[in-house]
Structure formats: structure tokens, C-alpha cells
Amino acid sequence: MKTLNIAVVGLGRVGRSFVDFINRENTRNRQTQICLVAVCDADIKKKMSIKGTSFTTSVEEVLESPNVDVIVECIGGASQAYDIISKALSSGKHVVTCNRAVVAAHGKSLFRLAEGQQVHFRYEGAVMGAVPCVTSLFNGLGGQVPHRVYGILNSAANYCLLRMDERGESLEKAEKISEELQLKSAGAEVDLNGKDALQKMAVLRAAAFGVWTDVRQTHLDPLFKVQAEDVRLARKLGFRIKQLAMASARDITVAPYLVDDTTLLGNTNGLMNGIVVETQTSGDVFLAGNGSAIETVVGGLVNDVMAIGRGALKNQIPDGARIEVVQPQTQKYFYVRLPKEERDTIKKDPRTEVINEISDEKTGCIGMIMRGDFTKVSLHQNLRVPDAVIFDVLS
């Protein structure tokens, strides 16, 4: 049995849970014996909770130790984590992390550094925890050529939308409850604004298409304009509103979408996350799991450590984008909410085709599903209704 010596840097919720898991499970029959040889955290008070393992407040001590094979980075954030990971890779150590922020911001340079040192840089836990979405895309789903990846990647946003749907709550109230339950990543500006989902999709996009994303320059369409009446109207029309992250080799976005409520993704609710990988030969591949629980994030870290231990091939991101299958041009569908008095004006516009419509009993506003060959922005301009709210319909 091979022995793999690991050191954990960062003893927050994830780091603490990972340490507990290793101490509890590492004596079981596995291909690799994981040995926790050091734990590092800036807070000396946390030393009291560590038994039987070397504790230090010095990151350099861990990075310079010849007895450490793998650094498990659990401090979070981008700046300090980047310094630690880059130094670890440069010293010839494998790195495992669940830090989506550092991978999204610095993944390209860190990946190339790992390739140059011929060591692993693995981050399955950064997206959907133990659900092997990153690994699946790196491996090309067994030779399939993906042309689009989209899905639900933020549990707090998905939980808020579920409460709005089932309990009729406002987004503000649902968001407050999610905060009380400690579901939020780092505040509404990260979860509801789409930044968390964008970082995760940027990680998936690189694995699927070989394209790295400048997350600072990517437009986000936040959930804040979703009202309770939109959720009610969407349900009557046969949809659920979801915050979707979507990427191809050409572009990436995060926005509210109406999703058919008879589909697997449309029924991915609450704390569950799910992605759809559209492939050329096998159609849609759906992967799902709990995206918020600490246990599933720890599972992702453990899976990556074990992969290194059993000699798995290193993940390889291709130079340049993979060949993208050109999808046939189709008309787009949109959801439009507008005041009742504007209804006839919309229906008279020859540039739009109304597929279905329904009214909201509480507010009197109208919800419509429209079809046309235009973008969401141009549709809003054409409608000339300042109060109109427009979301894309997934198609």
C-alpha cells in the first residue's frame, strides 16, 4: 500500500472537516494510506483542537518540508491562496484545493506551473464537491465533444428561489433566511449577483473547452429583479426560474432563466446543484448533487488526494479551444412581465410572437412567453415598455 503524506493549510470549516475525515477514515482498507503529517493555520489557538499531528503557524515550514507530498489548500480567497499554491507547485509538491476563486482568477498560470513541474493541480471540490463534473469534463466524457455546458451552481440562490416558489416569499426574505442558515458563500453580492456561479462555470469552461475566462470582465445578470409574481407566473406557464451559469467555447454568462419544470434541471431544487453537458453524439449528460454541504466539498478533496495516490493521469487542458460543434440556428424564447395596460400594445407588434400568456391574480400583471430572432436587449428596446421585465427561456 502506497503512503501519501499530506499537509492541510487553513483550518476553517472545510479544513477542519477534512482533517476530521482523514483522522477518522484513513485506517480503512484503501489503495493509498493517507498520512496527515502537518496542519497549518495562522491562528495558534486552533492548535488545541489538533491531536497527534504537527501544528504550525508557518506556511513556509510546510512548503519547505521534504516530508510533505501534497498540500491541501483550504484558506479560501484568491491572493494569499495563489501565493501558497504557486510556491507549493514550484517546490514540486502536488496541490489539491476547493478554492474556486483562486482557480477562476489564476487557474491558467497555476496549471501551466504544475505541468512544468510534472505535479498534480486538482480542484474537483471547487465546483460541485464530490460530484465529478470537473474530472468528467477534463476526460472529455469518454471521448464526447461538448458544445455547451450549463446548470445550477449556487445552492444559496437555488434555495432562495425554492422558498419563493413554495412559500411565496420575497427574494429579500428568502435571502435573509439563507444567511441565517449559513448557506451563503460570502454575501448576496456573490450568490445572488452570480459571481459564485460564474467562478465555478469558469472552472468548468476551462476543463471542457480549454478556454480561460476573465471573470472580472464578464457581464452578470443578477437575481435581484426576480419578484414573487415572476415565480408565480413562471409556474403557471410550466416553468421554474433558475439562476443558470452557461458556457461554450465562445462565451459565458450567468442569468435568471425559465426552465421547463418537467426536466431534470427544472426539478433541481433547494440545495441541489446540477449541470447539463450537451454533447455531439450522446445528447445531454446530466450530473447533480448537493453543492453546499461541507461533507461533499470534503469528499471532493478526498477524491483528488486519492486520485494522486493511485497514480491517476494528470488533468490536461488543451492549448486553444476544443472544436466546438456548431449548433443549428433556432429562434429564442423569452419570458416578459409587463403591466396589464401594455398587453395589447405588445400583441400588436409584428416583430414578436406571443406563444402563451397568463395573468397574476395578486398584481394584475401579465406574464408572456415570446418567440423571435432577437436578443434580450433588442427585445426590451423594441417593446418600448420601461416597466417590462425580461428573462431568457432555456432552449
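Scroll up to find the structure.
Residues numbered from 1 in each chain as written. Predicted model: local features only at pLDDT ≥ 70, side-chain atom pairs only at ≥ 80, totals over all residues. Heavy atoms only, no water.

Draft legend 1. Representation of the pairing of strand S12 (residues 332-338) within the structure. Burial within S12 is extensive, with five of its seven residues counted as buried. By the bridge criterion, seven bridges tie S12 to strand S14 (residues 366-372) in an arrangement that is antiparallel. Opposite Phe334, over in S14, you have Met370 as the bridge partner. Judged from the five bridges that link them, S12 and strand S15 (residues 389-393) form a sheet pairing that is antiparallel. (Buried < 20%, exposed > 50% of the residue type's maximum accessible area, 1.4 Å probe, protein only. Helix = DSSP H or I, 4+ residues; strand = E, 2+ residues; numbered from the N terminus. Pairing = 2+ DSSP bridges.)

Draft legend 2. Summary view of the sheet that holds strand S1 (residues 2-9). Taken in spatial order, the six strands line up as S3-S2-S1-S4-S5-S6 in an open sheet, and their pairing is parallel. Edge positions in the sheet fall to strand S3 (54-56) and strand S6 (121-122), since each has one partner strand and no second. With four bridges joining them, S1 and strand S4 (residues 70-73) adopt parallel strand pairing. Bridging across to S4, Val8 finds its partner in Val72.

Draft legend 3. Spotlight on the nonpolar core. Of all hydrophobic cores here, the largest spans 55 residues; its most connected members are Ile71, Phe121, Tyr123, Leu153, Leu204 and Ile275. Considering every element that reaches this core, the biggest residue donor is helix H10 (residues 195-209), with 10 residues. If we skip the residues at most four places from it in the chain, Tyr123 touches Thr97, Val103, Phe111, Val134, Phe138, Val203, Trp212, Asp304 and Ile317. Ranked by size, the runner-up nonpolar core spans 26 residues in total, among them Ile6, Phe18, Phe55 and Leu301. (Core = buried A, V, L, I, M, F, W, Y, C linked by side-chain atoms within 4.5 Å. Contact = heavy atoms within 4.5 Å.)

Draft legend 4. Local environment of the side chain of Ser86. Counting through the fold element by element, Ser86 comes out in helix H3 (residues 79-90). A polar side-chain atom of Ser86 sits 3.0 Å from the main-chain carbonyl oxygen of Asp83. If near-sequence neighbours (up to four positions away) are discounted, Ser86 is found in contact with Leu110 and Leu113. (Polar contact = N/O pair within 3.5 Å; in protein donor to acceptor, adjacent residues only side chain to side chain.)

Draft legend 5. Main features of the environment of Val131. Inspection of the secondary structure puts Val131 in the loop between S6 and helix H5 (133-138). Look at Val131 and you get buried, because its relative accessible area is 11%. In the structure, Val131 is positioned 162 residues away from Ala293 in sequence and 12 Å away in space, judged by C-alpha atoms. In this structure, Val131 is in contact with Glu124, Leu287, Ala288 and Gly289, ignoring residues within four places of it in sequence.

Draft legend 6. Spotlight on the packing of aromatic side chains. Evaluated as defined, the whole model comprises four aromatic pairs. Here Tyr335 and Phe391 contribute two aromatic rings whose centre-to-centre distance is 5.8 Å and whose plane-to-plane angle is 15°, an arrangement assigned as stacked. Note that Tyr335 is positioned in strand S12 and Phe391 in strand S15, a separation of 56 residues in sequence. Overall, the relative accessible area of 0% leaves Tyr335 in the buried class. You can call Phe391 buried: its relative accessible area is 0%. Joined through ring pairs, the aromatic side chains of Phe111, Phe121, Tyr123 and Phe138 make up one cluster. (Phe/Tyr/Trp six-rings, centres within 6.5 Å; stacked < 30°, edge-to-face > 60°.)

Draft legend 7. Local environment of unusual backbone geometry. In this structure, Gln118 is a non-glycine residue whose phi angle is positive, near 55°. Judged by its relative accessible area of 63%, Gln118 is exposed.

Draft legend 8. Main features of helix H1 (residues 13-25). In this model, H1 (13 residues) spans 18 Å end to end at C-alpha, consistent with the 18 Å of a helix rising 1.5 Å per residue. Inspection of H1 places Val14, Gly15, Phe18, Val19, Ile22 and Glu25 among the buried residues, and these make up the whole buried set. The buried residues of H1 occupy one face: seen down the axis, they fall within an arc of 155°. Turned more than 90 degrees from where H1 packs its buried face, Arg13 and Arg24 sit exposed. Considering only its buried residues, H1 is in contact with S1, strand S2 (32-40), S4 and helix H12 (294-309). (Expected span 1.5 Å × (residues − 1). Arc of directions from axis to C-beta.)

Draft legend 9. Structural view of the sheet that holds strand S8 (residues 239-247). Strand order in the open sheet formed by nine strands is S11-S10-S7-S8-S9-S15-S12-S14-S13, with mixed pairing between adjacent strands. At either margin of the open sheet sits one strand with a lone partner, and together these are strand S11 (283-290) and strand S13 (353-359). Between one strand and the next, the sheet's axes are offset by a mean angle of 30°, whatever the strand orientation. Both S8 and strand S9 (residues 252-260) contribute to a ladder of nine bridges, which runs antiparallel. Along S9, the bridge assignment pairs Ile241 with Leu258. (Axes fitted to C-alpha atoms, helices over the stretch in contact; angles between N-to-C directions.)

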